Each structure stands twice: as C-alpha cells, then as structure tokens.
Amino acid sequence: MARAVLGTCARLLGERLAALGFEADGAVFRRYNPGGDVVIVDLQPHRSFLGDTQFLVNLAFLLDPAWRHYGFPPEKRPDTSHGTWWERVNPTDWEDHDDGEGFVEQWVVAGEADCATVVERLFARLGERLPVVLDWLDRDRLRQAVAEGTPVGYATELWLMAEDGPSDRLRAELFDSGPPEDGSDVDRAIWAYAHRFSR
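Residues numbered from 1 in each chain as written. Predicted model: local features only at pLDDT ≥ 70, side-chain atom pairs only at ≥ 80, totals over all residues. Heavy atoms only, no water.

### Comments concerning the overall build of the protein
Counting its secondary structure elements, the protein contains eight helices and six strands. Of the contacts formed within the protein by residues at least 6 apart in sequence, a portion of 55% connects residues at least 24 apart. (Helix = DSSP H or I, 4+ residues; strand = E, 2+ residues; numbered from the N terminus. Contact = heavy atoms within 4.5 Å.)

Next up, the structure:
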C-alpha cells in the first residue's frame, strides 16, 4: 500500500510542479536551464511501522560542471543527493521542545484518500523556497545571491568561482597552503575547470 500511496502523492505533486516547468521521473522532479544547471525535488521513502506511508522531501540545486565531473553515463540523471546545494522540506518549522524534538522531517499519509491534502500542504511548503532556488537557474541572479550572502552551498560557490579563472582566492579555498596534487579529486576537478577560463 505504501508504494501505491507514495506513487499517488508523486503524481499529484508532479502535476503541480509541471506548471513551474518541472519534468517528472517517478518521484524525482527536475527543471533545467539551457546550460544544464538543474533544480531537483524528490520524495524519499521513509520506513514506517505504524501502517501509514511516510516520506521525506528533498530540494536541491546542481551546477552542470559539478554533475559532469561525476562522469556518469549519459542515461544517468541526477537526484537531490548530487546537489551542490541541498535542504530538506519539512512539514513544520523548527520549534523548541522540552523533549529535544525540534521538528518532524517526515511527511505522513494515513491512506490514499489523504494524498491530495498532504500534497497541497507540501506544495505550499515548497512554494516558500522554490522561487528563491529557481532564481539560481539564472547565472547573474545566482552570482547576486552569492554576493548578498545567500547560502547557495559551498560547492556551488567554488564551481561558480572557478568560472572567473584560477585565482589565488580559489586556490586558497581549495588547497589551503598545500599543492593541488594533495587536494581531493573534486578540488582538483574544480581547479582544472578554472583553468578553462584563464584569461
């Protein structure tokens, strides 16, 4: 039953997201810009022992050069785990409680009849964040967000900084005071990407 309920929720959410330019792929929804950057929403099943259906909702942004670095085959498509920025969309805002439980991450659906109501709430919660994240599909607006201190993900900032060329600042961010060969695979990939923009 849980799989069917999750499938219904995904279908209903997909109908809402399609109006914003997202394409559905099961429980994963993507909207690309012409350069290959993508905003991703996905529903992640969460085990329940209570007879209901539970899932988590993830929202991510992924820069195209970061995705290409992974070297996946062409038929592979990204999900939120690949994002250069990521956050979870929770049913409620953070609240302080004496028992230490600040918020609930999982969305709970009692049965098929409740799917529409839950998806309506979910889409409203997404609506609080999606306009901001969708703006990042415009490179100028993404750069403006970084300049204004908006959290766009450290990896996003590094790949974006690389597009200005191999600066001293980028080198320090990637390798501190060490040589590039001592950096991680991703750090070296960002550094190599920066050299494509050498002036």
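### Considerations on helix H7 (residues 168–175)
Among all positions of H7, only Leu-170, Leu-174 and Phe-175 are buried. End-on, the buried residues of H7 take up no more than an arc of 100°, which puts them together on one face. For H7, the exposed residues set more than 90 degrees away from the buried face come down to Asp-168 and Arg-169. Phi turns positive one or two residues past the end of H7, at Asp-176, with a value near 55°. (Buried < 20%, exposed > 50% of the residue type's maximum accessible area, 1.4 Å probe, protein only. Arc of directions from axis to C-beta.)

### Focus: the environment of Ala-60
Looking at the secondary structure, you find Ala-60 in strand S4 (residues 53–62). Ala-60 sits in the buried class, given a relative accessible area of 0%. Note: C-alpha distance between Ala-60 and Asp-79 (19 residues apart in sequence) is 8.1 Å. The contacts of Ala-60, once residues within four sequence positions are left out, are Val-38, Val-39, Ile-40, Thr-80, Gly-83, Trp-85 and Trp-86.

### Describing the packing of helix H6 (residues 154–162) against helix H8 (residues 185–195)
It is the contact of H6 with H8, at a shortest axis distance of 8 Å, that shows an interaxial angle of 30°. Between H6 and H8, the interaxial angle falls into the category roughly parallel. When H6 is examined against H8, the residues Leu-158, Trp-159 and Ala-162 are found in contact with a partner set consisting of Ala-189, Ile-190, Tyr-193 and Ala-194. (Axes fitted to C-alpha atoms, helices over the stretch in contact; angles between N-to-C directions. Parallel < 35°, antiparallel > 145°, perpendicular 65-115°, else oblique.)

### Examining the pairing of S4
In terms of burial, S4 is largely enclosed, as 10 of its 10 residues are buried. Pairing between strand S3 (residues 38–46) and S4: nine bridges, direction antiparallel. By the bridge assignment, Pro-45 is partnered in S4 with Phe-55. In terms of strand pairing, S4 meets strand S5 (residues 85–88) through four bridges, oriented antiparallel. Pairing of Ala-60 across the sheet is with Trp-86, part of S5. (Pairing = 2+ DSSP bridges.)

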